[in-house]
Structure formats: C-alpha cells, structure tokens
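# Observations on chain architecture
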Amino acid sequence: MPKILIVGGGYAGFYTAWKLEKWLRPGEAEVTIVDPLPYMTYQPFLPEVAAGSIEPRHAVVSQRRHLRTTEVITAKVTNVNHAEKKATITPAVGEPWEFDYDVVVVTAGSVSRTFPIPGVADQAIGLKTIEEAVAIRDRLLTNFDKAAQLAPGPERDRLLTFVVVGGGFAGIEIFAELRSLASGLLPKYPQISFEDTHFHLIEAMGRIMPEVSLPTSHWVIKNLAQRGAEIHLETQLTSAVDGRIELSTGESFESDLIVWTAGVMANPTIVRNTDLPVEERGRIRTRADLRVGTEDDIVEDAWAAGDVSAVPDLTGGGVGGYCVPNAQHAVRQGKLMAKNIVAVLRGEGPTEYVHKNLGAVAGLGIGYGVFQSGKTAIKGLPAWFAHRGYHGLAMPTWERKLRVIGGWVGNFFLGRDIVSLPALEEPRAAFMEFAARPKPPAAAAAPAAPASVAAAPVGAPVAAPAAADATVKEPAAKAPRAKAAPKASPKATAEKGSTAAASATAKTAAPKSTTAKSTTAKSAPAKSTAPKAPRAASPVAENPVEVPVGEQASGK
C-alpha cells in the first residue's frame, strides 16, 4: 500500500488530507500528515481574534478530531530527500528520524517576510498564527489598563500608540479591527479620551489593498481617518529600536505595539532543505496540475500547493504569472490536489488548476467592511455582513462554523469579550512568587564536649556527652564475667550517680554487661546535681581511668 506524506497542515495540507479520506478506497493508500501544530489556523479570522470578536480556539481546526483515518504527527519535517524518498522528521522531544514515503505532498505554507530594519526583529510581532493574534489582543487591553493609571505624558502616549506595518489586506484588517476595539473600550476607561489613542499604518507603496479598485481603497483611507486612524503612504519604516518609530519622512514617535504584515515568504525550513526544484523567489516549482516540476519536466510522485508553491495562474490574473499566496487559492488547490493524487494512483490523468478570482472582501471592524468583485464595490455595513457570511461558511467543518457563528450571535447581545490574559506568557509566575522552597543547609556545629572537659578544673566531675544514649545502644564487645561487686556503703548509695569520678571507680571494680549499662543509661541524668566530692579524695586526679566507649553515659 503506497504511503502518502503531507508536509504541513495549513489550508492546502489539511484540505488535501481531508479530501483524500473521502475519495480514497479502504486500503488504497496510507496518509500521514506532519505539522508542528496540531491544528489548522483559519487566518482570515486572525484580525477578529485580535479584536476580541472571535474566541481564539474557534478560529483553528483540530487535525486529530477531523482527520479520522489520517496519521497525524506533531513535529517538523526538516529535510525532504526525494531522490531516496525519505523525509527527516524532527519532534519537539526526542531524536530526529527518517520516514519512508512513496508520494510526497509539500504544503508547508509561508512565514512573515521581514527586512533588516533595526529593532523590528526585537520589537515587532507578526500576524500568521493564532498565538500572535492573542498576544496582540492582550497587549492592547493591558496597555489600556496601564495607561488609565498614568498622568498624561510620554509613557502614557507610548502605551496608547499602535503601529501596523504593511497596507495589504491583512494589514488593513488588523489595523481597522484594533481601532474598532480601542473605540469600544473608551466607555470602560473614563480616564482615557479618544484623542489619547493613536493609530498609525505605514505603507511603502502609494496605495493600500491592491486587490480592490483605487476608488475603493480611497474610501477605506477616508473611513479610517474619520475613525482616528492615520495611514502613511509612500513611507518606509527606518528604525524601531526600543519601540521608537522612525519613518523615512522624518517623523518619529514611540509605540508599545508594532504589528508587521508587510508580506510573506515560502517556509524556508522546507525550501532550503530539499532536492525538489525551487524557483528564484524561493518557492517549489509547480506545474498547473500541482505536480512538482515544469511543463517539460515532471518530478514523479511529488506534489505541492499553497503559499510554498509557485503555481501558474492560467487565468492571467496572478502576479508575475503565478497564483498569489492567499487562502482562496490554497483551499481550492488542496481540494484539487487530493482528486489528482487519487486519479494518478488509479492510472488516470490529473486536472489543471484554474480559478478566477471571485472578488475580495474585508472586515474593517464591527459594522464596517468592503467588498470588490470586478467593477462592483460594496462598502460599509452590507460589506461587513458579506465578509462575515462568506468566511463563516468558508470555515472548514460544521462544528467550527457553528462555534464561530454562535460566538458572533452571543457578541451581538452581550458585546465582545474584553478580558486580557497577559499571564499566559508566564503562567507559573503567580505560583513561583509564593511557592515555599527548602532552606539552605545550616553549617555543622563544632563539638563542644572536648573543650568543656579541657576547661574543667582538676578534680571536677566529668559530664557525660549529650549523645550518650545513642552511643550506648550500639552493640559493644562483651566484657568478661566478673564476680559480683561488694555492696556499696550507705555513703556511696547516697552519692549514687553524683559524680563521674565515683562512676568510674565503681565500673573499674565491677564491669557490667551491655544490657545492664543500657538500662542504667536511660534513667541516669546527663549531669549530676549532687555535691562535689572533695578534691583530695578524687581518684581522677591521682589515678586517671580511661572510660571505654559505650560506658561514658553509665551515670553510676
């Protein structure tokens, strides 16, 4: 049974696997999809996620839930050696391993394309993942919380200044949605006025949204200006070091949130680590039937689609003769590629991809939108409904459609959710702040007994060590049995256990067994309180006796 490896679980990869499950016969092929994330992200919803209009998890589709017969591997493909039909899979934990396949499908998608502008890599954030959208939302909401406690000044202005770089569809949508969110927050923050918030979009070209007509783009600029959002055309970002924005026009200001949407590029992890042909812009060279290769040369058993591929646009409407990287093409290419793979497995011919752009629709915040199809343009509230209607139905699976549309209905009655969760970036911080930790080990105390004995005056009674009890309990060599000692005199009985000297004398006369000594040691006081013996009568002073280990605590 042939093994089909799908590299990447975005639009094209997910739809390819989803449709292969539908069209493959049982036992006809084994499908495996590999992606670092266990879900597909519906990227047109990212601006609304950032604005709090869509619950983040509703904008993603679980692979394991909806791909029922496909093997899902959550890892990275770091190399594709098609000559040997082997792929290197690198998991988050563990060692990389080789995967043998018969057919490879490259749908690794794209990543944000940046330029070496000082400060951008350290200060900016992209808009390609659901995590980035959530971080943007939380940053704006948290900045409002902080700014509300500050007096007017540079720090307050920095917190309430938001910058978007890039005037394409993604840039305009996130820019307008954030402006809509900020305007909706103002009634909740009486300390902040409309004039305190500042929104700047920076675009190097002389226009925005090339997918729509020039008059429509002018309407968008005017609409955003009326809502307090400024667009800088024919302007380049020259520096963003420490959040200080410097423009090619000489303007400068500080911002705490910089969103980068100035283009994408094919996933470099794949295109730089494969023997498949790559064109000059760094994409997999792909035929119109979605097989890898050129019109004259086909790479057998290799397919590609989506942003990572250079698919010819047979309608003539693409940029440079190729399909533009967007969701509209990726979804349709994925569906057709699944059909073509099944056809080739069954000895049939594949079909070429032809899709004429049906138009473009964008949401510009609650109640605002724009739609363009040919010369027909719709603006304002009707276009906003068209935007939500189109993308609500385009969301894969009915389970996700219902979640998204249900959320919109709930927001209509309850308003959008404005709760920020900044602690998600460091979720253990609160626990670590108050968690009890073991104390550092104390320094070992120096033994005090020898110094005490040395300091004692000649003839004074010797005190037993504090740890005598433990010492006595250790087994000791049995002493030879001796005759019973004579009974002590009344005086000795009265002074029983009073001094160490008397104890030593009694032991010398008659050693006792270990058992007897242990019993005595437990009841004997550590230090005698009886009157001291006269100096002259002390046998310790005249004839020192060495006390054996184990008998020092006898007390007799």
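The present account deals with the structure reproduced in this document. What you see is a predicted model, and the numbers here were worked out from it, not measured in a lab.

## A word on the sheet that holds strand E6 (residues 76-81)
Taken in spatial order, the 3 strands make up an open sheet running E6-E7-E8, and their pairing is antiparallel. Since the sheet does not close on itself, it has two edges, and those belong to E6 and strand E8 (97-100), each with one partner. On average, adjacent strands in this sheet sit at an angle of 30 degrees to one another, irrespective of strand direction.

## Details of the packing of helix H5 (residues 130-147) against helix H7 (residues 169-185)
In a packed pair of helices, the relevant descriptors are the angle between the two axes and the axis-to-axis distance. Closest axis-to-axis distance for the H5/H7 pair is 11 Å, and the angle between their directions is 30 degrees. Judged by the inter-axis angle, H5 sits roughly parallel to H7. Between H5 and H7 lies a crossing whose hand is right-handed. Residue-level contacts link Ile136, Leu140, Leu141 and Phe144 of H5 to Leu178, Leu181, Ala182 and Leu185 of H7. Each residue belonging to the contact of H5 with H7 can be placed in one class, and the counts come to 8 nonpolar, no polar and no charged.

## Quick look at the packing of aromatic side chains
Counted by the stated rule, this structure contains 13 aromatic pairs. For the ring pair phenylalanine 14 and tryptophan 18, a centre distance of 5.6 Å and an interplane angle of 40 degrees mean the geometry is tilted. Placement of both phenylalanine 14 and tryptophan 18 in helix H1 (residues 11-23) is noted, with a separation of 4 residues, approximately one turn of the helix. Seen from their ring centres, phenylalanine 144 and tyrosine 189 are 5.4 Å apart, and the 65 degrees between their planes marks the pair as edge-to-face.

## Some details on the side chain of threonine 88
Relative to the helices and strands, threonine 88 resides in strand E7 (residues 86-90). Side-chain polar atoms of threonine 88 contact the side chain of glutamate 98, separated by 3.1 Å.

## Focus on the sheet that holds strand E17 (residues 252-254)
Strand order in the open sheet formed by 3 strands is E15-E16-E17, and the pairing between neighbours is antiparallel. The open sheet terminates on both sides in strands that have one partner only, identified here as strand E15 (237-239) and E17. Each strand of the sheet is rotated relative to its neighbour by a mean of 35 degrees, with strand direction disregarded. As judged from the 3 bridges shared by strand E16 (residues 244-247) and E17, these two strands associate in the antiparallel manner. Across the sheet, the residue bridging to isoleucine 245 is phenylalanine 253, located in E17.

## A short note on a nonpolar patch on the surface
On the surface, Ile405, Val409, Phe412, Phe413 and Leu414 cluster together to form a nonpolar patch covering roughly 610 Å² of accessible area. With respect to the secondary-structure elements, isoleucine 405 resides in helix H12 (residues 398-414).

## Topic: the environment of alanine 362
Along the chain, alanine 362 falls in strand E24 (residues 360-363). Looking at alanine 362, the relative accessible area reads 0%, which means it is buried. It is 5.9 Å that separates the C-alpha atoms of alanine 362 and histidine 387, two residues lying 25 residues apart in sequence. The contacts of alanine 362, once residues within four sequence positions are left out, are Phe169, Glu173, Met209, Gly369, Val370 and His387.

## A short note on the environment of alanine 151
With respect to the helices, strands and loops of the structure, alanine 151 is situated in the loop between H5 and helix H6 (154-159). Distance in space between the C-alpha atoms of alanine 151 and glutamine 191 is 9.3 Å, their sequence separation being 40 residues.

## Some remarks on the pairing of strand E9 (residues 103-106)
Successive residues of a regular strand alternate their side chains across the two faces of the sheet. Judged by which residues are buried, E9 turns out to be covered on both faces: Val103 and Val105 on one side and Val104 and Val106 on the other are all buried. As judged from the 4 bridges shared by strand E1 (residues 3-7) and E9, these two strands associate in the parallel manner. When the sheet's bridge partners are listed, leucine 5 is paired in E9 with valine 104. Bridging between E9 and strand E22 (residues 298-304) involves 3 bridges; their strand directions are parallel. By the bridge assignment for E22, valine 106 is matched with alanine 304.

## Considering the pattern of salt bridges
Across all of its chains, the model carries 18 salt bridges by this definition. Between aspartate 196 and arginine 156 there is a salt bridge, and its shortest N-O distance comes to 3.2 Å. Remark: arginine 156 occurs in helix H6 and aspartate 196 occurs in the loop between H7 and strand E13 (198-202); sequence separation between them is 40 residues. A salt bridge links aspartate 289 to arginine 287; the shortest N-O distance between them is 3.2 Å. With relative accessibility at 4%, the residue aspartate 289 sits in the buried group.

What counts, and where the lines are drawn
Residues numbered from 1 in each chain as written. Predicted model: local features only at pLDDT ≥ 70, side-chain atom pairs only at ≥ 80, totals over all residues. Heavy atoms only, no water. Pairing = 2+ DSSP bridges. Helix = DSSP H or I, 4+ residues; strand = E, 2+ residues; numbered from the N terminus. Axes fitted to C-alpha atoms, helices over the stretch in contact; angles between N-to-C directions. Parallel < 35°, antiparallel > 145°, perpendicular 65-115°, else oblique. Left-handed = near helix turned anticlockwise from the far one by under 90°. Contact = heavy atoms within 4.5 Å. Nonpolar A, V, L, I, M, F, W, Y, C, P; charged D, E, K, R; others polar. Phe/Tyr/Trp six-rings, centres within 6.5 Å; stacked < 30°, edge-to-face > 60°. Polar contact = N/O pair within 3.5 Å; in protein donor to acceptor, adjacent residues only side chain to side chain. Patch = residues over 30% accessible without salt bridge, like charges linked within 9 Å, V, L, I, M, F, W, Y side chains within 5 Å. Areas by Shrake-Rupley, 256 points an atom, 1.4 Å probe, with all protein chains shown as cover. Salt bridge = Lys/Arg side-chain N within 4 Å of Asp/Glu carboxyl O. Buried < 20%, exposed > 50% of the residue type's maximum accessible area, 1.4 Å probe, protein only.

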